[in-house]
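So the chains spell out like this:
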Amino acid sequence: MKTVKRLKIILIILLLLVMTLSGHKIILYYKGNKENEEIKNEIIENYIEEVETTEEEVKYEVDFESLKKENPDTVGYLKVNGTNIDYVVVKGSDNSFYLKHSFNRSYNISGWIFADFHNQFNGYDKNIVIFGHNTLDGSMFGSLKNVLTKEWQENTENHKVLFITEDGESIYEVFSVYTVLSEDYYIKTQFNDDFDKFVEIIKKRSIYDFKVDVDENDKILTLSTCTSDRIHRVVLHAKKL
Amino acid sequence: MIKEVRKLIKKLPIKVLSLLVVSAMLVNYFMPVLNVFATSSTTKLTVTFRSGSESLGKVQYSLNDGSTWTDITNNTNELSITVTGNNLKLKIVPGDKKEVDYAGIELRFDDVSQNNVSSLGLESAGGLSVPSNIEEVKLENVEFKEKEESSPGVGGGDTATYQGNGAATLNYTINGAIEYGEGGGYDHGIGFYINGIRYKADESKVTYTEDTAYERDEHGQIILGNNNQPIPILDPNTLQPMTEKTGLTITGDTIHYDYDTNTNKVNFVFTMAPGTLMTGLAINNKQITNLPKTSSELQNAYNDHKLEIEVNDIDVASTYDIVINARYPNSSEEFMGNFLWDYNPQGYTGPDDKILHGTLELVQAKYNNHVYKTADEINALGGVYIWRDAPRKDNYTDDREGCGEAQFPKGTILTVKIVPDAGYQLIDFGINGGVFEPQEEIGIYSFEVQGGPFHLQATIEEVNDEVRLASQDIIFGSINVDKAANSGFDIGTAKLEVSDNTNMSAARTKNFEDAAYEEGYTIDNLLDISLYNSVYKGGLKDSKGNYESWDTPINDLSEKASISLSLKDDLNGKDIVVVHEKHDGNKVTYELIDVNYTLPANCISFETDSFSSYAIATKEGNTTKYTLDDTDGNTVSFVKEPGHTYSLEITNYVGLTDEQLEAASIPKDYYNQMLEAITNATKEAGTLVGFYQIEVTDENSNPVHNGPFKIKIKMTDDMKKYNTFKIMFVDTDNNFVTESPILLTKEGDYLVGTIDHLSTYAVLGSITGNPQTGDLIYIWIGSFAVAFIVLVLIIISMSKKAKK
């Protein structure tokens, strides 16, 4: 009897330990998200300006000089219609640092939006790949899964993705959205003579026909995040117009 | 009263009464005879002749319904006789080869004028019946004239043909008509057609003969074409308004008149240039009233380069008295725009030499909201367009002046393309000092056609190729580019733009530096060099006074261009190259191009066939490149002055064994502390897989610090677990301060990169791939929830047992 009681006490202690650890992570998570939200708002407020607005068009001016003073890893600004994606993009020296660090380089469990470190942003990248966490609250790339819905796909306004770098503003037109088991193929950034085959494959994967032609002369943008099961990826490809 | 008659009768004897009755009966019987005598009243006939006509014919009368005729005339010019009889008739009988001229004849019955004498049948075989009870008939001013042999047959068949040597006389008066010169290539005279036959003037402009020189269509109209413009009818040489030109005679071997036998009419067509406005027209005293006046009427009357006024209801005659009133239209009455230009590649410099060293093409015409694009469509624009001598270079094989001329309705929006020859620019294009509005496409201008004549004026001048500089370090530039056909410069001029590339990314800058470094050079200036084929937008200038232009980027040339740039800084004594970033499809390569350097302008000159980003790179003229290696195959390359002996030492401190530490006299604790400190300092960049001290010393054991240095490090077995590597400077003498990591690339079993100085470096490895961007919050929340529920259940269970 005593043994049973002892086991119950041990179990209670273990359960309390699990609750403590989980609670700590949950607190960190929400604290991190809140901090990221504040950083995001501060960036949009201070460094991103709508300089020209017509009924058909909104143009943005990004103060890269100031942003680079905040974080020299800044490489661009990304906005995707029909999602919450509206972030400055950084590029680390690898693809892991910004998984756990925010724009201000402080530890943050939700990380930040970052480009594949292989991308050079010299105007000649054939495939610019951008990653972000699939967060529960929809921040970062938590809303990228919207692209898998029919509602998002059938709204043509969503098919244009804005990506601004120091070289200027670019509009990308979406040509493929899908989920795939985690792999390295679609995040390739170096191509020899296989780019046409590459775009052919990733276009065929799409669950929706965007009726956009892509060929070996195009440059593309890839957005990637995990699904909730963590073993698949939600992927969007768009070609530069 | 009756009683009184009865009394009188009773008083008359019976014989007297019988005689009266018989007499009454006889009168009644012979009444018709008496009536004849009563209607054969006397009629006075008076005939007068115009002087000279009394002997050319005669007037006859008949009292027996035309069975017999009696001459009234007897070589006197006036007769007055009295005739008595029934069925009086009159007729006029011309003499041999004579005919009646009804123009002045007047016929009166009892002083009442009879209308349209010519139609009363006086000349007919049956003559004119004089109504009864007419006491006086006057036939005055009877005139005969010679019968015209050339006059059309009267009452013939459907077609009458006259052939003879006689001439129809055209008494032709123009009041204020406007004439332009035949030699000027215009059809600006007033001309005419009669029954579809055009007549042209001889040199006297008095006699007109049928114009047979021109090809005609199925309607007999002249087909206009190259230099087949119709000839103006009046003197083209004076360029003065013509007045009172009379007595013109039309002659022809054969004149065909096709006419309806019932109407027997002649058709006239008067033609004139749109710069002439006909305000009045009379033919044989008949006023033509339906002359076109409004713009719409005038445009409807405009056909094939000229106004055509058709008059169809003119009586056949041997003489046509035509009076035309014409004048210049005022500006509001102009309905056509008539403009011309001249072009001659042979060097003609006459007054019409408006578009020398360029070509002009018509692109489209828009009129009444309809766009005419093809040549046929444009030519058919209301039938109003003539494009003569299209101004293309290859149209001209001799030294004559070429010209173009076009006419469009006022208000037509005309789009033309004008491009200068190679080496030339259009610096002015417009009319009346105005400048046409350039469109988006190269050489395309649009303008609205105004009424009236005008010249298109295009000033095209020889212009040097241009270099525009936006650089702190370059003060002058020039370019020499091939301008052969299909070179991209067969029109306009070249424009070279050179600017400092201040926004080049670090990665690209490094690529330039690496390419230069391979040959021992360092980058002095990063430049963007762009080449354009430039075509000026007419006379438009920007706010800085430069001509605005259409600029077509030329990225590649079939023949190399020569570029010269004068630098602000003196590079005398240095070895200079330009580094060129070349793009071949998706591949980017860097080439070093030799330059010529000349003083005193500090001018570098080089040749290239493509345009993008460049860098000017230099090295001291006496430097050379060294590459050192050690026994492990590690290498370091750098550029220094020749004549020295250098040695390399590379030591990796990661993974040293106790024996190695002992041999190196490094305390193990110190070693571990050092590695721990280095690991902590570099952990953000990856896993520490190597820590190198790289040292190059000269023959005097003096270390070489300043680079850049290109390093090649052999990978250890531990490194091969990773796929991404960086190298990071760690200052072990200063609290392990680090610099930004530099990416190393794998070349076989080696890691390769460029560092700017030699010291202690950490090599960091990481495994990259598709990053794990999943969210663990689900697991944490689930864990917390499960633990909480289980905990509650246990507590409840324990609580229940405690109660028991």
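A few points on the structure. Here, residues in each chain are numbered from 1, in the same order as that chain's written sequence. Chains and ligands are labelled by the order in which they are written, letters from A for the one and numbers from 1 for the other. Only residues with pLDDT of at least 70 get local features here, since the model is predicted, and only at 80 or more are side-chain atom pairs given and counted; chain-wide, interface and lining totals rely on the full set of residues. With hydrogens and water excluded, all non-hydrogen atoms of the structure serve as input to the side-chain values.

1. A short note on the packing of aromatic side chains
All names here are of chain A. Centres within 6.5 Å make a pair out of two Phe, Tyr or Trp rings, where for Trp the six-membered ring is used; the pair is then stacked when the planes are under 30 degrees apart, edge-to-face when over 60, and tilted otherwise. Evaluated as defined, the whole model comprises 22 aromatic pairs over all chains. Ring plane angle 55° and centroid distance 5.9 Å describe the contact between Tyr60 and Tyr77, whose orientation is recorded as tilted. Here Tyr77 lies in strand β3 (residues 74–80) and Tyr60 lies in strand β2 (residues 58–62), a separation of 17 residues in the sequence. Each residue is placed in one exposure class: buried if its accessible area under a 1.4 Å probe, protein chains only, is under 20% of its type's maximum, exposed if it is over 50%, and partly exposed if it falls in between. Judged by relative accessible area, which is 15%, Tyr60 ranks as buried. Put simply, DSSP marks the helices as runs of H or I at least four residues long and the strands as runs of E at least two long, and each gets a number from the N terminus on.

2. Considerations on the sheet that holds strand β28 (residues 370–372) of chain B
All names here are of chain B. Two strands pair if DSSP finds at least two bridges between them. Across the sheet, which stays open at both edges, the five strands sit in the order β28-β27-β30-β33-β32 with antiparallel pairing between neighbours. Each end of this open sheet is capped by a strand with a single partner; those strands are β28 and β32 (437–438). Bridge count between strand β27 (residues 358–367) and strand β30 (residues 413–420): eight bridges; the pairing is antiparallel. Along β30, the bridge assignment pairs Lys366 with Ile413.

3. Observations regarding the nonpolar core
Side-chain atoms within 4.5 Å are what join buried Ala, Val, Leu, Ile, Met, Phe, Trp, Tyr and Cys residues into a set we call a nonpolar core. Formed by 62 residues in total, the largest nonpolar core has its most connected members in A:Leu78, A:Trp112, A:Ile130 and A:Leu236. Broken down by element, the residue count for this core peaks at six residues, all from strand β8 (residues 168–181) of chain A. Filtering out sequence-adjacent residues up to four positions away, A:Leu236 remains in contact with A:Leu144, A:Val147, A:Trp152, A:Val161, A:Val174, A:Ser176, A:Val177, A:Leu221, A:Thr222 and A:Leu223. Core analysis: the second largest hydrophobic core is formed by 29 residues, B:Tyr517, B:Val696, B:Phe725 and B:Val763 among them. The contact rule is simple, with two residues in contact once any of their heavy atoms fall within 4.5 Å.

4. Section: a negative patch on the surface
On the surface, A:Glu37, A:Glu38, A:Glu42, A:Glu45, A:Glu70 and A:Asp137 cluster together into a negatively charged patch. Turning to its location among the elements, A:Glu70 is positioned in helix α2 (residues 64–70). Patches here are clusters of residues that have more than 30% relative accessible area and form no salt bridge, with a 9 Å joining cutoff for like charges and a 5 Å cutoff for nonpolar side chains (Val, Leu, Ile, Met, Phe, Trp, Tyr). Shrake-Rupley sampling with a 1.4 Å probe provides the accessible areas, and residues are treated as covered by the protein chains on show and by no other component. Salt bridges are counted wherever a side-chain nitrogen of Lys or Arg sits within 4 Å of a carboxyl oxygen of Asp or Glu. Note on charges: Lys and Arg go in the positive column, Asp and Glu in the negative column, and His and the chain ends are not counted at all. For the purpose of locating charges, the reference atoms are NZ of Lys, CZ of Arg, CG of Asp and CD of Glu.

5. As for the pattern of salt bridges
Under the defined criterion, the tally for this structure stands at 19 salt bridges over all chains. A:Asp73 serves as the salt-bridge partner of A:Arg105, at 2.7 Å between the closest nitrogen and oxygen. Of the two residues, A:Arg105 sits in the loop between β4 (86–91) and β5 (114–115) while A:Asp73 sits in the loop between α2 and β3, which places them 32 residues apart along the sequence. Of the residues examined, A:Arg105 reaches a relative accessible area of 35% and is grouped as partly exposed. Across the pair A:Arg205 and A:Glu183 runs a salt bridge, and its minimum N-O distance is 2.7 Å. Here A:Arg205, found in the loop between α4 (195–204) and β9 (220–226), pairs with A:Glu183, found in the loop between β8 and α4; they are 22 residues apart in sequence, far enough to count as distant. Each of B:Glu106, B:Arg108, B:Asp111, B:Lys138 and B:Glu140 takes part in one network of salt bridges that share partners.

6. A look at a positive patch on the surface
All names here are of chain B. Taken together, the side chains of Lys800, Lys801, Lys803 and Lys804 present a region of like positive charge at the surface. Looking at the secondary structure, you find Lys801 in helix α9 (residues 777–803). For Lys801, a relative accessible area of 48% translates into the label partly exposed.

7. Digging into α9(B)
Side chains of residues three or four places apart in an α-helix project in the same direction, reflecting 3.6 residues per turn. A helix is expected to span 1.5 Å multiplied by its residue count minus one. An ideal rise of 1.5 Å per residue puts 39 Å on 27 residues; α9(B) measures up with 39 Å between its terminal C-alpha atoms. Among all positions of α9(B), only B:Ile777, B:Trp780, B:Ala787, B:Leu791 and B:Ile794 are buried. Those residues of α9(B) that are buried are in contact with α1 (2–47) of chain A.

8. Examining the sheet that holds β8(A)
Residues and elements named next belong to chain A. With mixed pairing, eight strands are arranged side by side around a closed barrel as β3-β4-β5-β6-β9-β10-β8-β7. Sheet topology note: the strand β6 (residues 127–131)/β9 ladder contains five bridges and is parallel. Each residue of the ladder has a partner; that of Ile128, found in β9, is Leu221. Running over the sheet, α4 touches β6, β8, β9 and β10 (232–240) and is turned about 60° from β8. Here, axes are lines fitted to C-alpha atoms. For helices the fit covers the stretch in contact, and angles between N-to-C directions go from 0 to 180 degrees.

9. Notes on unusual backbone geometry
Despite not being glycine, A:Arg105 has its phi angle at roughly 70°, a positive value. Notably, B:Asn602 is not glycine yet its phi reads approximately 50°, a positive angle. Along the chain, B:Asn602 turns up in the loop between β44 (596–598) and β45 (603–610). Look at B:Asn602 and you get buried, because its relative accessible area is 10%.

10. Comments concerning the environment of B:Gln299
Residues and elements named next belong to chain B. Checked against the element boundaries, Gln299 lands in helix α4 (residues 295–301). Taking C-alpha positions, Gln299 is 6.8 Å from Phe335, a pair spaced 36 residues apart along the chain. If near-sequence neighbours (up to four positions away) are discounted, Gln299 is found in contact with Phe335, Tyr367, Pro409 and Lys410.

11. Describing the interface of chain A and chain B
On the side of chain B, 38 residues touch chain A, which itself brings 47 residues to the contact. Note on chain A versus chain B: buried area summed over both sides is about 3,900 Å², and carbon and sulfur give 63% of it. If you sort the residues of chain A by the area they bury against chain B, A:Met19, A:Tyr124 and A:Arg230 come out on top, with a joint share of 17%. At the boundary of chain A with chain B, the tally comes to zero salt bridges. The term polar contact refers here to a pair of N or O atoms within 3.5 Å; inside protein, the definition further demands a hydrogen-donor-capable atom paired with an acceptor-capable atom, and it admits residues adjacent in sequence only when both atoms are side-chain atoms. Connecting chain A to chain B are one residue pair in polar contact (both at pLDDT 80 or more). Looking at the side of chain A that touches chain B, the elements with two or more residues in it are α1 and β9 of chain A. Throughout, buried area stands for the accessible area (probe radius 1.4 Å) lost by two parts on being put together, summed over both.

12. What to know about the pairing of β9(A)
Residue and element names in this part refer to chain A. When you tally the buried positions in β9, you get seven out of seven residues, the bulk of the element. Where burial is concerned, the two faces of β9 agree: the one with Ile220, Thr222, Ser224 and Cys226 and the one with Leu221, Leu223 and Thr225 are both buried. Direction of pairing for β9 relative to β10: antiparallel, over a ladder of seven bridges. The partner of Leu221 across the bridge, within β10, is Ala238. In this antiparallel pair of consecutive strands, β9 and β10, the connection spans five residues, and Arg230 shows a positive phi of 70°.

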